[in-house]
Amino acid sequence: MKKFFGFVLVAASMAFAQTSDPLRFVDPMIGTGPEGHTFPGATAPFGMVQLSPDTQIRPFKQSYKWAAGYRYEDTTILGFSHTHFSGAGHSDLGDVLLTPISGDSVPLEPGDPEKPHSGYRSRFSHAEEHAEAGYYSVFLKDSAVHAELTASERVGVHRYTFAGGAQRHVLLDLRSSIYNYPGKVLWSRIRIRKDGTVTGMRETRGWAPGRQLYFAIRFSTDMIGHALYNKEDLPVYRGFKTPGTSPQDTRSIEGRGLEAVFDFASSSAPLIVKVALSSVSEQNAIENMDVEVPGFDFDHVRATTQHMWREQLAHVEFQASIPMQRSLYTAFYHALMAPSISMDVNGEYRGPDNQVHRAVGFRFVSTLSLWDTYRAEQPLMTLIEPEQRTNDLVQSMLSSAEESPFGILPVWQFQGQETWCMIGYHAVPMIADAYMKGIRGYDAQKALDTMIASATYAPYGNLGQYMKLGYVPVDHDDEAVSKTVEYAFDDWTISRMAAAMNKTTVAATFRKRSAFWRNNFNTADGFTEPRLENGNYRKPFDPAKAGAGSGFTEGNAWQYSWYQPHDEQGLIDLLGGRDNLIARLDEMFDQKVDPAMYANVEDISGMIGQYIHGNEPSHHLAYLYMYAGAPLKTQVRLKQIVDSQYKPAPDGLVGNDDLGQMSAWLIFTSLGFYPVAPGSNEYVLGRPFVNRARIHLPNGKLLTIDSVDMIEGHDFLKDVSLNGKSLDRSFVTHEELMNGGELKFTFSSEKEAKWSHGTLRVPYSETSPH
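Remember, predicted model here, so these are calculated numbers, not experimental data.

## With respect to the overall build of the chain
Move 1: On a plain count of helices and strands, the chain comes out with 18 helices and 38 strands.
Move 2: Across its three principal directions, the C-alpha atoms of the chain cover 85 × 60 × 50 Å.
Move 3: Here the chain holds 770 residues, and 67% of them are scored as buried.
Move 4: A sequence separation of at least 24 residues applies to 71% of the contacts in the chain between residues at least 6 apart.
Move 5: Per element, the accessible surface of the chain, about 25600 Å² overall, is 50% carbon and sulfur.
Move 6: Charge-centre separation for the chain: the mean point of 71 positive side chains lies 1 Å from the mean point of 90 negative side chains.

## With respect to the environment of Gly89
Move 1: Topologically, Gly89 is positioned in the loop between strand 4 (79-81) and strand 5 (97-102).
Move 2: C-alpha separation for the pair Gly89 and Glu602, spaced 513 residues apart in sequence, amounts to 8.3 Å.
Move 3: The contacts of Gly89, once residues within four sequence positions are left out, are His37, Tyr64, Asp603, Asn656 and Asp658.

## Structural notes on the sheet that holds strand 32 (residues 682-685)
Move 1: Judged by pairing direction, the sheet is antiparallel, and its three strands sit side by side in the order 31-32-37 without closing on themselves. Where the open sheet ends on each side, the last strands, each with one partner, are strand 31 (673-674) and strand 37 (731-733).
Move 2: Sheet analysis places strand 32 next to strand 37, joined by three bridges and oriented antiparallel. Note on strand 37: the bridge partner recorded for Tyr683 is Val732.

## Quick notes on the packing of helix 5 (residues 377-384) against helix 16 (residues 661-671)
Move 1: Where helix 5 meets helix 16, the axes come as close as 8 Å, and the angle between the chain directions of the two elements is 55°. Regarding the angle of helix 5 to helix 16, the classification is oblique. Here Glu377, Pro379, Leu380 and Leu383 of helix 5 come into contact with helix 16, specifically with Gln661, Ala664, Ile667 and Phe668.

## Regarding unusual backbone geometry
Apart from glycine, the bulk of residues carry a negative phi angle, and the bulk of peptide bonds sit in the trans form.
Move 1: Here Ala338 and Pro339 are connected by a cis peptide whose omega angle stands at 5°.
Move 2: Counting through the fold element by element, Pro339 comes out in the loop between helix 3 (322-335) and strand 20 (340-341).
Move 3: Here the residue pair Lys539 and Pro540 is connected by a cis peptide bond, since its omega of -5° sits within 30 degrees of zero.
Move 4: Mapped onto the secondary structure, Pro540 falls in the loop between strand 28 (527-528) and helix 12 (557-560).

## Considering the environment of Ser102
Move 1: When you line up the elements, Ser102 lands in strand 5.
Move 2: Separated by 19 residues in sequence, Ser102 and Arg121 have C-alpha atoms that sit 12 Å apart.
Move 3: Leaving out residues up to four positions away in the same chain, Ser102 has contacts with Ser143, Ala144, Val145, Phe162, Ala166, Gln167 and His169.
Move 4: One polar contact links the side chain of Ser102 to the main-chain carbonyl oxygen of Ser143, over a distance of 2.8 Å.

## What to know about the pairing of strand 33 (residues 692-696)
Move 1: Every second residue of strand 33 is oriented toward a common face, the buried set being Ala693 and Ile695 and the non-buried set Arg692, Arg694 and His696.
Move 2: When strand 19 (residues 316-319) meets strand 33, the two strands line up antiparallel, connected through four bridges. Across the sheet, the residue bridging to Gln319 is Arg692, located in strand 33.
Move 3: Pairing geometry for strand 33 and strand 34 (residues 702-708), over five bridges, is antiparallel. Across the sheet, Ala693 pairs through a bridge with Ile705, a residue of strand 34.
Move 4: Hairpin connection, strand 33 to strand 34: the antiparallel pair is bridged by five residues, and Gly700 has positive phi, about 90°.

## A few points about the packing of helix 7 (residues 427-436) against helix 10 (residues 480-500)
Move 1: Closest axis-to-axis distance for the helix 7/helix 10 pair is 9 Å, and the angle between their directions is 30°. Of the possible angle classes, the one that applies to helix 7 and helix 10 is roughly parallel. You can see that helix 7 and helix 10 cross each other, and the crossing is left-handed. Counting all contacts with helix 7, which are made through Val428, Pro429, Ile431, Ala432, Tyr435 and Met436, the residues of helix 10 involved are Phe489, Asp490, Thr493, Ile494, Arg496, Met497 and Ala500.
Move 2: The residue inventory of the contact of helix 7 with helix 10, partitioned by class, reads 10 nonpolar, one polar and two charged.

## Digging into the confidence of the model for the chain
Move 1: When pLDDT is averaged along the chain, the result is 93, and 94% of the positions lie at 70 or above.
Move 2: Within the model, pLDDT remains below 50 along residues 1-19, and this stretch shows 55 contacts once partners closer than five positions in the same chain are excluded.
Move 3: A low-confidence stretch, residues 234-249 (pLDDT under 50), is modelled with 35 contacts involving residues beyond four sequence positions or located in other chains.

## Side note on the packing of aromatic side chains
Move 1: Counted according to the given criterion, the structure contains 41 aromatic pairs.
Move 2: Judged by centre distance (5.5 Å) and plane angle (75°), the rings of Phe406 and Trp420 are edge-to-face. Taken together, the residues Phe406 in the loop between helix 6 (386-403) and strand 25 (412-414) and Trp420 in the loop between strand 26 (417-418) and helix 7 connect sequence positions 14 residues apart.
Move 3: With relative accessibility at 39%, the residue Trp420 sits in the partly exposed group.
Move 4: Three or more aromatic residues joined by ring pairs make a cluster, and in this case those are Tyr374, Phe489, Trp492, Phe552, Tyr560, Tyr563 and Tyr764.
Move 5: Over the aromatic face of Phe296 sits the side chain of Lys274, whose NZ or CZ is 4.2 Å from the ring centroid.

Scoring rules and cut-offs
- Residues numbered from 1 in each chain as written.
- Predicted model: local features only at pLDDT ≥ 70, side-chain atom pairs only at ≥ 80, totals over all residues.
- Heavy atoms only, no water.
- Helix = DSSP H or I, 4+ residues; strand = E, 2+ residues; numbered from the N terminus.
- Buried < 20%, exposed > 50% of the residue type's maximum accessible area, 1.4 Å probe, protein only.
- Contact = heavy atoms within 4.5 Å.
- Areas by Shrake-Rupley, 256 points an atom, 1.4 Å probe, with all protein chains shown as cover.
- Lys, Arg positive; Asp, Glu negative; His and termini not counted.
- Charge placed at Lys NZ, Arg CZ, Asp CG, Glu CD.
- Pairing = 2+ DSSP bridges.
- Axes fitted to C-alpha atoms, helices over the stretch in contact; angles between N-to-C directions.
- Parallel < 35°, antiparallel > 145°, perpendicular 65-115°, else oblique.
- Polar contact = N/O pair within 3.5 Å; in protein donor to acceptor, adjacent residues only side chain to side chain.
- Left-handed = near helix turned anticlockwise from the far one by under 90°.
- Nonpolar A, V, L, I, M, F, W, Y, C, P; charged D, E, K, R; others polar.
- pLDDT = per-residue confidence, 0-100.
- Phe/Tyr/Trp six-rings, centres within 6.5 Å; stacked < 30°, edge-to-face > 60°.
- Lys NZ or Arg CZ within 6 Å of the ring centre and 35° of its normal.

Okay, here's the thing in structure tokens:
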């Protein structure tokens, strides 16, 4: 197995002064390669605008690969659009594409990436490209323009330096989108106002249907001409001189295939372009621009945004080898992008009912990849930013439920619009986890009522049958097994929160439902299996089958059979003891598997046997050895995963980052603990991959993670202590971490690893709670 980090860690004497500027370790190119789906462009922490280059326009069926708009292996850039997902497993966005063009004429079609000068697409080289937190630059060879990008929360700022003497143009293409297919643009508008401000809108039918986005554009110098086109038909106006055209006097246009060309006099001075967004109105976009970026000082915006990044990244200081620091700080950077702000400076936002609402006392956020981020990404936020980020998230989800025509919590939402993508009602564990950790900036009773409404809405995801039968039958639902076990975990978090609120009847009801995972567990072979409505297990059964017809979501029985994070002791009992769980986990990791068998199943990547690190159902599995009293196994598997699945390079993520979940896994694991069951208030111990880390807790306290004698050949734990006291257990609590102090891991050879060989109290399980 290739080891990307080599010795992984450096001597413990390395000074924290090395990380005085964490931005020097952030590399936005990490994950822009084949599977990561991250983008390299400029954004503020949790910003509404993600301004980044787009290299795509591929056939619709290939849009998955260009979910972030950019792939490192591409050689041409279309232009720069203002909205992107960071690491999503589905494509959309790519709104308001601008590209600078030099010369006497402006091509209106993107062109063929294999044929230079066939369109407005331009070749580029990675040698002339640079990315850092809050800033991106590239030289567009065919356009002969040096383009730089930065962004505030709601405004993208471009700086274009053109080759001397050439006429300058900026092309706006409202046809261009990620997830591009015929008929996506339902309607769009461009208009040029008297003061030169360009405003407009676009409504699209993509992943989220009927999504509206408005924009405002201003330039640092006056136009000398403009052209507006509707490419559904013929160009209706040309404002620059080309053979055979006559200018006409129009300043606005509407339609489904709009483009615009803005012309500027030749100059060696940079052209600054500001683009503000709003989901509400053109006027709100203008107001967002006036408040956040009133002038044209590109460097000031860049400096301000990078200061915001430094403040955010300062929550955690990592001391490790340089490659590991690059991976960790970039992971932290990616984890701080979503959920993103989705409201204007005046508090207005567009909700799931497609109506305009106003947030009072919180910031409305969206981009909620809940099936992924409830596992580690959001628990990371509860540790470092519980009050602002977590309370904003909870209030945003509750508002969305109130505004939803179904009265239920979001499933996969962006820009306030619901996609109904993935399974489960995983907003529920996020709220319950926040409540259990004492985060209370919302109406708890309203929250519990809304959680119950989501868990009892029978038309959603075959919940009616789940409540009736105790499982989702596979003859009615091709994702039946995954839904059953994930619903059961969500139900357990409702029971936890209800019990903490002394709602005993509700707690009992959902505690009973939390055991429904057992109804798909076949003790005859030790796998979670698809079950028919008549009660029989479906035959034949292949635990390796994934995708269509499997009964599972982006996985198979080798991952999902061990998905009961709230009751791993119950799993051990059904398997017949700890040794049997250890054997099944070993079998999963050690299987000889041909990855080609999953070539047609999206999101199965990063395979170690049947363990699939590139997708979320596997993320807690290495920690399950701790429940079976086998810490050495967890330590071995974690090293195997970290060494093979992460590296500081464009292909450094083996699967979609999924709005920060892959990154949050690395952060927690490198600190030495992981939230296997959000809502339990416990973190399962693993082993750290840093020499030292310091977490600046929001309550003003400091938590230090220290690794002692972590040198080559010392891969196992001799002792784990908290504030000088050796732990006789394989978990720590949230309260203990929030109290600060020192969590120390002492490493040794396997033979000397006393703590790892000892008898430890295991983490929480519903069957045997502490």
